[in-house]
Amino acid sequence: PPTRLCLCAGHSSLSFSGYYIRYRLYDLLPSEMKVSFRIRTLQSRGVIMFTPTQPCMLLQQWAEGKLWFRLACDLGGGPPGAMSISGSGVSDGRWHTLVLELNRNFSSLTLDNRYGDGSRGPAFTHSLAAGTSVYFGALVQSPKSGLLDGQKDPEVLEGFQGCLDSVTINTNELPLHNKRSQHAEVVGLAEVKLGCVLYPDVCLQQPCQNGAACSSRPSGGESPGV
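Predicted, not measured: the structure shown is a model, and the values here were computed from it. In every chain, residue numbers begin from 1 and rise along the written sequence. Where local features are concerned, this predicted model is filtered to residues with pLDDT of at least 70; where side-chain atom pairs are given and counted, the filter is 80 or more; whole-chain, interface and lining totals use all residues. Here the side-chain values reflect all heavy atoms present in the structure, with hydrogen atoms and water set aside.

Engineer: Let's hear about the environment of Ser-181: which residues, and what values?
Structural biologist: In this text, helices come from DSSP runs of H or I with a minimum length of four residues, and strands from runs of E with a minimum of two, each type numbered from the N-terminal end. Tracing the chain through its elements places Ser-181 in the loop between β16 (172–173) and β17 (184–194). Sequence separation between Ser-181 and Leu-25 is 156 residues, and the spatial gap between their C-alpha atoms is 9.8 Å. Contacts are residue-level and defined by heavy atoms, with any inter-residue pair within 4.5 Å sufficient. Once residues within four sequence positions are removed from consideration, Ser-181 is found in contact with Tyr-26, Glu-173 and Pro-175.

Written as structure tokens, this is what we have:
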């Protein structure tokens, strides 16, 4: 389908339909990491961010759109001990701002300027080496030997459907769609598009007649235009 740009999010949005974008980080991150972005989705469950190497990190929507973060990658049996955001989830079709901060003293997860239940989570005592891969949009693994990096024909699990905007790691904004920057480059891309389109996007089926234009609503529905 043609790319559709979401004007409210500017030029820095990516749309995910259940697959992923993979970044390689150029910089060493010595025991301190801050990830921030805006998120928009109708989906109630899916992996948003994943690192396959130690420390293995997983940020996901677990149930009813609620956000969880953990330093473990096993999807089975629920996320005990994870940091989470209480109250309503993010699967309402609106833009939300999320900040994940990890350092030697504590870990914190903040949604729309509200701390999560685990705002004083486990200390982050590892370093992310230069060359580390970070996936956004799914948990990606080798179909034969588990959570390994750089395999051909990977298995994609718990794919995210929605939009991410202005993704930064330690204040450095990540490049978009097959690009590179001073701090990172895109080394893998699967069904990720520029702009913001919520899936399922009813306008892709062209429901309007008599020359009317279709406009997607924030809730995921449609309204006729002129």
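Don't stop here, the text continues.
Engineer: Describe in detail empty space enclosed by the protein, supporting the description with residues and values.
Structural biologist: Only protein atoms enter the 1 Å grid, on which a cavity is a set of points fitting a 1.4 Å probe that cannot get out and a pocket is an open set with protein on both sides within 12 Å along at least 5 of 7 lines, lining residues being those with an atom within 4 Å of a point. Grid points are joined across faces, edges and corners, and a volume is the space filled by probe spheres set on the points. Taken as a whole and assessed by the stated rule, the structure comprises two cavities of 30 Å³ or more. A volume near 70 Å³ is recorded for the largest cavity. Together, 13 residues line the largest cavity, and Leu-14, Tyr-23, Val-167, Leu-174 and Leu-176 are the ones closest to its centre. Residue assignment for the lining of the largest cavity shows that the elements contributing at least two residues are β1 (13–25) and β15 (161–169). The biggest single contributor to the lining of the largest cavity is β1, with four residues.

Engineer: Can you explain the nonpolar core? Please cite residues and give values.
Structural biologist: Residues Phe-37, Leu-100, Phe-136 and Leu-164 are the most contacted members of the largest nonpolar core, which totals 35 residues. A total of five residues in this core trace back to one element, the largest contributor, which is β1. Ignoring sequence-local partners within four residues, the contact set of Leu-100 consists of Met-33, Lys-34, Val-35, Met-49, Phe-69, Met-83, Ser-108 and Leu-109. Take the buried Ala, Val, Leu, Ile, Met, Phe, Trp, Tyr and Cys residues and link them wherever side-chain atoms come within 4.5 Å; each set so joined is a nonpolar core. Summary of the burial criterion: residues with accessible area below 20% of their type's maximum are buried, those above 50% are exposed, and those between are partly exposed, where the area comes from a 1.4 Å probe applied to protein chains only. Counting residues in hydrophobic clusters, the runner-up holds ten residues, among them Tyr-20, Leu-58, Leu-139 and Val-140.

Engineer: Just give me the short version of unusual backbone geometry, but keep the residues and values in it.
Structural biologist: Both trends apply: most residues other than glycine have a negative phi, and most peptide bonds are in trans. Look at Ser-166: it is not a glycine, yet its phi comes out positive at around 55 degrees. Tracing the chain through its elements places Ser-166 in strand β15. A relative accessible area of 25% means that Ser-166 is categorised as partly exposed. Look at Asn-170: it is not a glycine, yet its phi comes out positive at around 50 degrees. Among the structural elements, Asn-170 can be located in the loop between β15 and β16.

Engineer: Report on the pairing of strand β8 (residues 96–102), specifying residues and quantitative values.
Structural biologist: The two faces of β8 differ: His-96, Leu-98, Leu-100 and Leu-102 on one face are buried, but Thr-97, Val-99 and Glu-101 on the other face are not. The sheet contact formed by strand β3 (residues 33–40) and β8 spans seven bridges and is antiparallel. Looking at the pairing, Ser-36 lines up with Val-99 of β8. Paired strands, as defined in this entry, are two strands with at least two bridges between them according to DSSP. Examined bridge by bridge, β8 and strand β9 (residues 107–111) share five bridges and lie antiparallel to one another. Within the sheet, the bridge partner assigned to Leu-100 lies in β9 and is Leu-109. Hairpin connection from β8 to β9: four residues lie between these consecutive antiparallel strands.

Engineer: Quick rundown of the side chain of Arg-22? Include the residues and the values.
Structural biologist: Looking at the secondary structure, you find Arg-22 in strand β1. Throughout this description, a polar contact denotes any pair of N or O atoms lying within 3.5 Å of each other; where both atoms belong to protein, one of them has to be capable of donating a hydrogen while the other can accept it, and for residues adjacent in sequence the pair is counted only when both atoms sit in side chains. A polar atom in the side chain of Arg-22 sits 3.0 Å from the side chain of Ser-133.

Engineer: Give me the lowdown on the confidence of the model for the protein chain, citing residues and values where you can.
Structural biologist: pLDDT measures how confident the predictor is about each residue, on a scale from 0 to 100. When pLDDT is averaged along the protein chain, the result is 77, and 70% of the positions lie at 70 or above. Overall, residues 1–10 carries pLDDT values under 50, and its contacts beyond four positions in sequence, including any with other chains, amount to 22 contacts. Throughout residues 218–223 the model reports pLDDT below 50, and contacts reaching past four residues in sequence, or to other chains, amount to 24 contacts.

Engineer: Please give an account of the pattern of salt bridges that cites residues and values.
Structural biologist: Just to be clear on terms, a salt bridge is a Lys or Arg side-chain nitrogen sitting within 4 Å of an Asp or Glu carboxyl oxygen. Scanning all chains against the criterion turns up four salt bridges. For Arg-38, the salt bridge goes to Asp-165, with nearest N and O atoms at 3.4 Å. Taken as a pair, Arg-38 in strand β3 and Asp-165 in strand β15 lie far apart in primary sequence, 127 residues in all. Taking the relative accessible area as the measure of exposure, Arg-38 reaches 25% and is therefore partly exposed. Connected through shared salt-bridge partners, Arg-24, Arg-180 and Glu-185 make up one network.

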